[in-house]
Amino acid sequence: AVVGSRNEKEGNLVLSRATDDVRSAGSAMKPITTYAPAINSDLITWSSMLVDEPKKKINGKDWPGNYEDYWTRKGLSTVDALIVSKNTIPVELMQRLGIDYCYNCLKDNLHISTLGDGIDRSENLTLGMTERGVKLDELCAAYAIFGNNGNYNTPKYYTKVVDINGKVLLENEPENSYAIDASSAYIMNKMMQQVIEAPNGTGRQARMNRFTIAGKTGTSDDNLEFSFVGLNPYYVMAIRFGYDQNDETYTTKKERSIKNKVYKPQTVYKDIMTDLLKDYDNADFDLDDSEVVEKRYCTVSGMLAGSGCGSTKVGYYKKSNLPGTCTMSHYTTESDEDTGSDDE
């Protein structure tokens, strides 16, 4: 299903904001631009410790900042950085992977058609600060790989086309291609579930009782545009809130900012999916986990938990890319309940 506007349709073949409009997706770019390529290339694991600090200077100023306008300057696990949508961590991942590598993954593996060669060839790409932006349907299709064992499916808007006599003229044959390996898709899916399930997750408003949800939020244009892409075992859905012109035409900037903070796209996602899935059976994602193992890790070192680790959580790892075991003896006052339990 495709909805291009909340307003009344004004004609045929008019602009569809879902398939034609090109806008920033903000932090919703992070999973497909850096986290998935980094997991896929074995650069990081679920619990790799990365430091929340500026990664370079631009015009003499530290960059990038975070949404909350400060840096913790301490190590964060990969999953925790994604949960709270830190800007510093994906920028570092892009620097380590290589800007061209990330750019080409988006263009060649995920078929994002709107990339330019200017600002898109920089770390801005993972923050959604692209030269043009992305089409919403292409963003939605890119996220579908996390529910399809890493396979990309070309979006189509028909089932089949027949003539007056019932002869099939066009049939929707799936067009699948490799984007990332199945184990990487499984781990990314589990990580994005924490964006929904963790108490401090940016997408927690999308949480549903009967169905597992994985997703990522995005904010752009000075808090006036909001995006959310969510997956459940049956559907993937991308939503974007915003205005064609972010000026003072309709309401003041303050009024729009308040309105968008109340009516978040992840809340709309939950409302729509609650109705759509009301007659569906409870289900979990059907993903290939044959090359993935579940392990406890130390929240201090990011390594697999040893006997001296006082604070641990559960993570998911490729069998071929396991961290070492922590041999230190350290105890913290931090509890699973304080930071988002692995049982949530």
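As a starting point, this report considers the structure included with it. If you're wondering where the values come from, they're calculated on a predicted model, not measured in any experiment.

## Observations concerning the pairing of strand β11 (residues 214-220)
Argument step 1. Counting buried positions over the seven residues of β11 gives six, a clear majority of the element.
Argument step 2. Note: β11 against strand β12 (residues 225-231), seven bridges, orientation antiparallel. Bridge assignment links Ser220 to a residue of β12, and that residue is Glu225.

## Here we look at the pattern of salt bridges
Argument step 1. All chains considered together, the criterion is met by 14 salt bridges.
Argument step 2. As a salt-bridge pair, Arg23 and Glu225 come within 2.2 Å of each other at their nearest N and O atoms. Residue Arg23 is located in strand β1 (residues 22-23), and its partner Glu225 is located in strand β12; the two are separated by 202 residues in the primary sequence.
Argument step 3. Arg23 sits in the buried class, given a relative accessible area of 16%.
Argument step 4. Among the ionic pairs, Lys278 bridges to Asp275, the shortest N-O distance being 3.6 Å.
Argument step 5. Under the relative-accessibility criterion, Asp275 is labelled partly exposed at 49%.

## Quick word on the packing of aromatic side chains
Argument step 1. Evaluation of the coordinates by the stated rule reveals seven aromatic pairs.
Argument step 2. For the ring pair Phe211 and Tyr234, a centre distance of 6.1 Å and an interplane angle of 80° mean the geometry is edge-to-face. With Phe211 in the loop between α6 (182-197) and β11 and Tyr234 in the loop between β12 and β13 (236-241), this pair connects stretches of sequence that are 23 residues apart.
Argument step 3. Look at Phe228 and Tyr269: their rings are 5.3 Å apart centre to centre, the planes differ by 70°, and that puts the pair in the edge-to-face class. You can see Phe228 sitting in strand β12 and its partner Tyr269 sitting in helix α8 (residues 265-276), a full 41 residues away along the chain. Like Phe228, the residue Tyr269 is buried in the burial classification.
Argument step 4. Taken together, Phe211, Tyr234, Tyr235 and Tyr280 form an aromatic cluster joined through their ring pairs.
Argument step 5. Stacked on the ring of Tyr70, the Lys or Arg Lys86 has its end atom at 5.4 Å from the ring centre.
Argument step 6. Looking at Arg121, its charged tip hangs above the ring of Tyr103, at a distance of 3.7 Å from the centre.

## Some thoughts on helix α1 (residues 30-40)
A turn of α-helix holds 3.6 residues, and therefore any two residues three or four places apart point the same way.
Argument step 1. With respect to burial, α1 is a largely interior element, eleven of its eleven residues being buried.
Argument step 2. Turning to α1, its buried residues are Lys30, Pro31, Ile32, Thr33, Thr34, Tyr35, Ala36, Pro37, Ala38, Ile39 and Asn40.

## Let's talk about the sheet that holds β13
Argument step 1. Strand order across the open sheet formed by three strands is β11-β12-β13, with antiparallel pairing between neighbours. Looking at strand neighbours, the two that pair on one side only are β11 and β13, the edges of this open sheet. Taking each pair of neighbouring strands and ignoring which way they run, the sheet shows an average axis angle of 10°.
Argument step 2. Relative to β13, β12 is paired through six bridges, and the arrangement is antiparallel. Pairing of Phe226 across the sheet is with Phe241, part of β13.

## Overview of the packing of α1 against α6
Argument step 1. It is the contact of α1 with α6, at a shortest axis distance of 9 Å, that shows an interaxial angle of 130°. On the basis of the axis angle, α1 is oblique to α6. Every pair of crossing elements has a handedness; the one defined by α1 and α6 is right-handed. In this structure, α1 contributes Pro31, Tyr35, Ala36, Ile39 and Asn40 to the contact, and α6 contributes Ser184, Ile187, Met188, Met191 and Met192.

## Considering unusual backbone geometry
Argument step 1. Here Trp63 and Pro64 are connected by a cis peptide whose omega angle stands at 0°.
Argument step 2. Structurally, the position occupied by Pro64 is in the loop between β4 (61-63) and β5 (75-77).
Argument step 3. Notably, Asp69 is not glycine yet its phi reads approximately 65°, a positive angle.
Argument step 4. Looking at the element boundaries, Asp69 is found in the loop between β4 and β5.
Argument step 5. At Ser85, a residue that is not glycine, the phi angle is positive and equals roughly 60°.
Argument step 6. Structurally, Ser85 can be placed in the loop between α2 (78-83) and α3 (88-97).

Analysis parameters
- Residues numbered from 1 in each chain as written.
- Predicted model: local features only at pLDDT ≥ 70, side-chain atom pairs only at ≥ 80, totals over all residues.
- Heavy atoms only, no water.
- Buried < 20%, exposed > 50% of the residue type's maximum accessible area, 1.4 Å probe, protein only.
- Helix = DSSP H or I, 4+ residues; strand = E, 2+ residues; numbered from the N terminus.
- Pairing = 2+ DSSP bridges.
- Salt bridge = Lys/Arg side-chain N within 4 Å of Asp/Glu carboxyl O.
- Phe/Tyr/Trp six-rings, centres within 6.5 Å; stacked < 30°, edge-to-face > 60°.
- Lys NZ or Arg CZ within 6 Å of the ring centre and 35° of its normal.
- Axes fitted to C-alpha atoms, helices over the stretch in contact; angles between N-to-C directions.
- Parallel < 35°, antiparallel > 145°, perpendicular 65-115°, else oblique.
- Left-handed = near helix turned anticlockwise from the far one by under 90°.
- Contact = heavy atoms within 4.5 Å.

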